[in-house]
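Next come the chains, spelled out residue by residue.
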Amino acid sequence: FTDLNIKYGPCKRVPILMYHHILPDDLARVIGAAKLSVTPEIFRQQMDYLIGKGYTIIGLDEVIDKINTNSLPAKPVVLTFDDGYRDFYDYVYPVLKEKNIKGTVFVISQYTGGERYLVWAQVKEMVDSGLVTAGDHTLNHPALPKLNKEEEVNQIVSAKNVIEQNTGRPVKFFAYPYGSSNQNAKDILKENGFLGAVTTVSGRTQCAGLPYDMQRIRIGVGPLAKYGL
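Residues numbered from 1 in each chain as written. Predicted model: local features only at pLDDT ≥ 70, side-chain atom pairs only at ≥ 80, totals over all residues. Heavy atoms only, no water.

Caption draft 1: Highlighting the state of the cysteines. All told, the structure shown has one disulfide when counted by the stated rule. Sulfur-sulfur distance for the disulfide between Cys11 and Cys207 comes to 2.0 Å. Between Cys11 and Cys207 the sulfur-sulfur dihedral comes to about 105 degrees; the bridge is accordingly right-handed. On the criterion of sequence distance, the pair formed by Cys11 in strand E1 (residues 11–13) and Cys207 in strand E11 (residues 205–207) is long-range, its members being 196 residues apart. Judged on exposure class, the residue Cys11 and its partner Cys207 are both buried. (Disulfide = S-S within 2.5 Å. Helix = DSSP H or I, 4+ residues; strand = E, 2+ residues; numbered from the N terminus. Buried < 20%, exposed > 50% of the residue type's maximum accessible area, 1.4 Å probe, protein only.)

Caption draft 2: Spotlight on helix H8 (residues 183–191). When H8 is considered as a whole, its buried residues turn out to be Ala185, Lys186, Ile188 and Leu189. Summarising the axial view, the buried residues of H8 lie within an arc of 160 degrees, below the 170-degree limit, and thus occupy one face. Exposed residues pointing more than 90 degrees away from the buried face of H8 are listed as Gln183, Lys190 and Glu191. Contacts made by the buried residues of H8 are with helix H7 (149–167), strand E9 (173–175) and strand E10 (196–202). Just downstream of H8 lies Gly193, where phi reads positive at about 80 degrees. (Arc of directions from axis to C-beta. Contact = heavy atoms within 4.5 Å.)

Caption draft 3: Here's a closer look at unusual backbone geometry. Cis peptide bonds are those with omega within 30 degrees of zero, and the linkage from Gly9 to Pro10 qualifies with 5 degrees. Here Pro10 shows up in the loop between helix H1 (2–8) and E1. In the Ramachandran plot, His141 falls in the positive-phi region, its phi being about 65 degrees despite a non-glycine side chain. When you line up the elements, His141 lands in the loop between strand E8 (132–136) and H7. Residue class for His141 comes out buried when judged on its relative accessible area of 14%.

Put into structure tokens, the structure is as follows:
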């Protein structure tokens, strides 16, 4: 941690939780998503746990800014949801509204409107609420290092433009499909005004000098205490 601070600091401990589906068990099994799913009941219990333990759930857009200004709350935590599934609207958004907490959903722009995915009206409604940030998860979820730079630009920037056109809000955050990134991707993100990007690298150390390498904790069923929270 000290070495990171010297090279990339300031660095702070900020757990960014990574979810995919929030679905009842029977539905998760039907679509083959059991390993990527948390039930609505357990998700609600996890949110109650965070609040009860004194965590402050902040937006992803606040992390780097609050690290730079040394203004993080005592126990910050961030909620992120990959792929833009319809169940985010059905099961997550009601909890965010009820408890007045924030989350980021990373949408795959060409999948939006498809079966089991969010539709644009839902994305816009949630973004307009001020509780949900819509992030970029590419056009159609390829592994970026397998693409040439022109293809990477298209996947990142075209998806950003589509999301912005449909929400009327700037898109500032990105999630790497499969967690796989390369220097080209990071350069493209920087050149196009992205403030940060999340990985699937397990950890909770976020550094101001590594905004495109934000670590996350993959959350499954069970109590959050087992993830060190």
